[in-house]
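Read off the chains here:
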Amino acid sequence: MSSIEKHFADALKSIARNLDIKESIQQSPELYPLFQKSAKRFVTGESKENAVSIGDQLIHKGYHISLEFIGENTKNKAECVRAKEEFIALIKECGNRGISSRISLDLSHIGLSVNPELAYEYLLEIAKEAQSHGLSLMISMEESAKTDQILSIYKRVVSEYSNVGVTLQAQLHRTLEDLNTLLNYPGTIRIVKGAYQEPSDICIPRSGKLDERYIQLVDLCVKAGHQVSIASHDEVIHKQIIERGYLQNPNVEAEMLYGICPELCKQLKDEGLPVRVYLTYGVESFLYLCHRIAEYPPNIYVAITDMIHGEQDSTQLY
Ligand code: FDA
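Parameters at a glance
- Residues numbered from 1 in each chain as written.
- Predicted model: local features only at pLDDT ≥ 70, side-chain atom pairs only at ≥ 80, totals over all residues.
- Heavy atoms only, no water.
- Phe/Tyr/Trp six-rings, centres within 6.5 Å; stacked < 30°, edge-to-face > 60°.
- Lys NZ or Arg CZ within 6 Å of the ring centre and 35° of its normal.
- Salt bridge = Lys/Arg side-chain N within 4 Å of Asp/Glu carboxyl O.
- Helix = DSSP H or I, 4+ residues; strand = E, 2+ residues; numbered from the N terminus.
- Buried < 20%, exposed > 50% of the residue type's maximum accessible area, 1.4 Å probe, protein only.
- Near = heavy atom within 4 Å.
- Polar contact = N/O pair within 3.5 Å; in protein donor to acceptor, adjacent residues only side chain to side chain.
- Areas by Shrake-Rupley, 256 points an atom, 1.4 Å probe, with all protein chains shown as cover.
- Contact = heavy atoms within 4.5 Å.
- Pairing = 2+ DSSP bridges.
- Axes fitted to C-alpha atoms, helices over the stretch in contact; angles between N-to-C directions.

Trainee: Is there a simple way to think about the packing of aromatic side chains in this case?
Mentor: Two aromatic rings are characterised by how far apart their centres lie and by the angle between their planes. For the structure shown, the criterion picks out seven aromatic pairs. Through successive ring pairs, a cluster of aromatic residues spans Y32, F35 and F286. Sitting over the face of the ring of Y122, K84 holds its NZ or CZ atom 4.9 Å from the ring centroid. Over the ring of Y120 we find R156; its NZ or CZ atom is 3.6 Å from the centre of that ring.

See the structure below:
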């Protein structure tokens, strides 16, 4: 990323967290429809039915799927209850339609920012429902200020429900140590580079060094015989994983976000390798779209083109 792109990405990440800007876009009859046209490339729609239908199409094309009801940093208990109930309804929708999906969620969506015990309690309920339908859960990783709380809740829940996994960010120095501990727990580990801006003393920036750390973490999971999801769009990472023959290992899969690098997903899937596509839905797509543009600034051209020429349905690209 050039330095101008880096400044742009940093600015966009701060805009994404500005609630006033988010609300004025969501409430603007002129801006919101334009914004939705851009979001449609990366977000399946506003309802779980949209997400599950697109997921079903991808399953028929030979992919595995993850589903997320987008949201984070829920501010009060009533909203946490609504989020938890939506996850339970999503699980039931998948169960009733015979859709095998991983359900992905942020703990701050179901209470972490209100009271960590609430998030723990709701995660248990969601995990129980998922288990009864034969589905798995994946906890996303949020800002480094929340890492300890997220890992602590994960360890408590996975001891009861082994269908729950957790995401680790290769960019944090602490992750190597965290992984060594987590290998003693049964849940799947998803490895990402990390989407959040973090202080330089705790974080490795995007670089060859970060790619090396990423591969080191995958190596550790594979050697331990642990289930691991390689969640990256980076062709350099995928090349190394393929050279090591890891995607032939039943414990390993590639996972990518819907609408991003569909050609790479298709190529891997057509080679008979396991690929999971991560689908999102909901009305909170503002932050999600900002993240997708910030991590790859040329997406701003794509977003503006979609606003002008109409939304892109990404499903056909898989
Ligand atoms: P990197 O950012 O280095 O990009 C490498 C190349 O990939 C780019 O040059 C480009 O070609 C392509 N690329 C990457 N992003 C693109 C985009 N948006 N559009 C088009 N091309 C793109 N983060 C987090 O902090 N907590 C979490 O829980 C999760 N969860 C998660 C789940 C899944 C399934 C994925 C794939 C990712 C996440 N992330 C995440 C996001 C992750 O941390 C990271 O920000 C993005 O995956 C981008 O990093 P890459 O590994 O793709 O490489």
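Trainee: Got a minute to help me understand the pattern of salt bridges in this structure?
Mentor: A side chain with one charge can pair with a side chain of the opposite charge if their charged atoms come near. This model, assessed by the stated rule, comprises 23 salt bridges. Here E125 and K84 are joined by a salt bridge, their closest N and O atoms 3.1 Å apart. Residue E125 is found in helix α6 (residues 116-132), and its partner K84 is found in helix α5 (residues 77-96); the two are separated by 41 residues along the sequence. Residue E125 is classed as partly exposed on the basis of its relative accessible area of 35%. Look at K84 and you get buried, because its relative accessible area is 8%. Note that R97 and E93 form a salt bridge whose closest N and O atoms lie 3.7 Å from each other.

Trainee: How should the site of the ligand be read in this particular structure?
Mentor: Around the ligand lies a shell of 24 residues, among which M141, K193, G194, S232 and N299 are the nearest. Q169 places a side-chain nitrogen or oxygen 2.9 Å from an oxygen atom of the ligand. When the free accessible area of the ligand is taken as 930 Å², the share hidden by the protein chains comes to 86%. Mapped onto the shell around the ligand, the elements with two or more residues apiece are β4 (164-169), β5 (189-192), β7 (252-257) and α12 (285-295).

Trainee: What exactly am I supposed to notice about unusual backbone geometry here?
Mentor: The general pattern is negative phi for most residues beyond glycine and trans for most peptide bonds. Its identity as a non-glycine residue notwithstanding, N73 has a phi of 50 degrees, on the positive side. Mapped onto the elements of the fold, N73 is located in the loop between β1 (64-69) and α5. N73 gets classed as buried once you look at its relative accessible area, which sits at 19%. Of note in this structure, C261 is not a glycine but carries a positive phi near 50 degrees. The residue C261 is located in the loop between β7 and α11 (262-270) in this model.

Trainee: How should the environment of I139 be read in this particular structure?
Mentor: Within the secondary structure layout, I139 lies in strand β3 (residues 136-139). Judged by its relative accessible area of 0%, I139 falls in the buried class. For the pair I139 and L151, spaced 12 residues apart in the sequence, the C-alpha separation amounts to 9.4 Å. Setting aside its immediate chain neighbours within four residues, I139 contacts L105, L107, L123, I150, Y154, V164, G165, V166 and T167.

Trainee: Where do I start with the side chain of E86 in this structure?
Mentor: Along the chain, E86 falls in helix α5. The residues contacting E86, other than those within four sequence positions of it, are K48, F69 and Y281.

Trainee: Sorry if this is basic, but what is going on with the sheet that holds strand β6 (residues 228-231) here?
Mentor: Spatial ordering of the closed barrel is given by β1-β2-β3-β4-β5-β6-β7-β8, a layout of eight strands whose pairing is parallel. Strand-to-strand, the axes of this sheet are offset by a mean angle of 30 degrees, without reference to chain direction. Pairing of β5 with β6 involves three bridges; the strand directions are parallel. Among the inter-strand pairings, I191 is bridged to a residue of β6, identified as I230. This element, helix α4 (residues 48-60), spans β1 and β8 (275-281) of the sheet and lies at about 165 degrees to β8.

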